[in-house]
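# Structure at a glance
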Amino acid sequence: MDHLPASEALSAATHLLGALVAAFAGVGLIRRGRNREQVVALSVYVVCAVAMFTLSGVYHLAGEGHPLRGFLQRLDHAAIWLQIAGTFTPIHVVFFRGA
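Description of the structure in this document.

Calculation criteria
- Residues numbered from 1 in each chain as written.
- Predicted model: local features only at pLDDT ≥ 70, side-chain atom pairs only at ≥ 80, totals over all residues.
- Heavy atoms only, no water.
- Helix = DSSP H or I, 4+ residues; strand = E, 2+ residues; numbered from the N terminus.
- Rg over C-alpha atoms; globule rule 2.2 N^0.38 Å.
- Buried < 20%, exposed > 50% of the residue type's maximum accessible area, 1.4 Å probe, protein only.
- Contact = heavy atoms within 4.5 Å.
- Areas by Shrake-Rupley, 256 points an atom, 1.4 Å probe, with all protein chains shown as cover.
- Lys, Arg positive; Asp, Glu negative; His and termini not counted.
- Charge placed at Lys NZ, Arg CZ, Asp CG, Glu CD.
- 1 Å grid on protein atoms, 1.4 Å probe; cavity = no way out; pocket = protein on both sides within 12 Å on 5 of 7 lines; lining within 4 Å.
- Points joined across faces, edges and corners; volume = space filled by probe spheres on them.
- Nonpolar A, V, L, I, M, F, W, Y, C, P; charged D, E, K, R; others polar.

## A short note on the overall build of the chain
If you tally the helices and strands in the chain, you get three helices and zero strands. Moving toward the C terminus, one meets the helices and strands of the chain in the order α-α-α. Since a compact globule built from 99 residues should have a radius of gyration of about 13 Å, the 16 Å found for the chain marks it as more spread out than a globular shape. Principal-axis analysis of the C-alpha atoms places the extent of the chain at approximately 55 × 25 × 15 Å. Scored against the burial criterion, the 99 residues of the chain give a buried share of 28%. Put simply, 71% of the contacts in the chain that link residues at least 6 apart link residues at least 24 apart. Surface accessibility of the chain: about 6,600 Å² in total, with carbon and sulfur atoms responsible for 69%. Positive and negative charge centroids in the chain, built from 7 and 5 side chains respectively, lie 21 Å apart.

Encoded structure:
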């Protein structure tokens, strides 16, 4: 495996740290749910956020010559789309109920 550039190592570290922060903060956010629907919707958001940061961190850990880099990049991009959907889920549940 090739040497990991400092910028990639920093990106990996900050994204993986973001995953930990999202997980711990997410517990508090999920507890704020007032009913089962809100708890599920907030859980979707938290899981998507943790997945996005984790997959991004793992992608940045793979150096340029790593055989899985292309695959990890696709997973990273897919996780961004999941985060977009995960962000809209609690908004839809809270504000568009019965609409």
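The discussion continues.
## Focus on the environment of Leu16
One can find Leu16 in helix H1 (residues 6–31). Overall, Leu16 belongs to the partly exposed group, its relative accessible area being 30%. Distance in space between the C-alpha atoms of Leu16 and Ile80 is 15 Å, their sequence separation being 64 residues. Contacts of Leu16, omitting those with residues within four sequence positions, involve Phe53, Thr54, Gly57, Val58 and Leu61.

## Description of the layout of surface pockets
The space that makes up the largest pocket amounts to roughly 160 Å³. Around the largest pocket, the lining residues are Leu29, Arg32, Gly33, Arg34, Gln38, Leu42 and Val94. Considering only residue class, the lining of the largest pocket consists of three nonpolar, two polar and two charged.

Remember that the coordinates give geometry; whether it matters functionally is a separate question.
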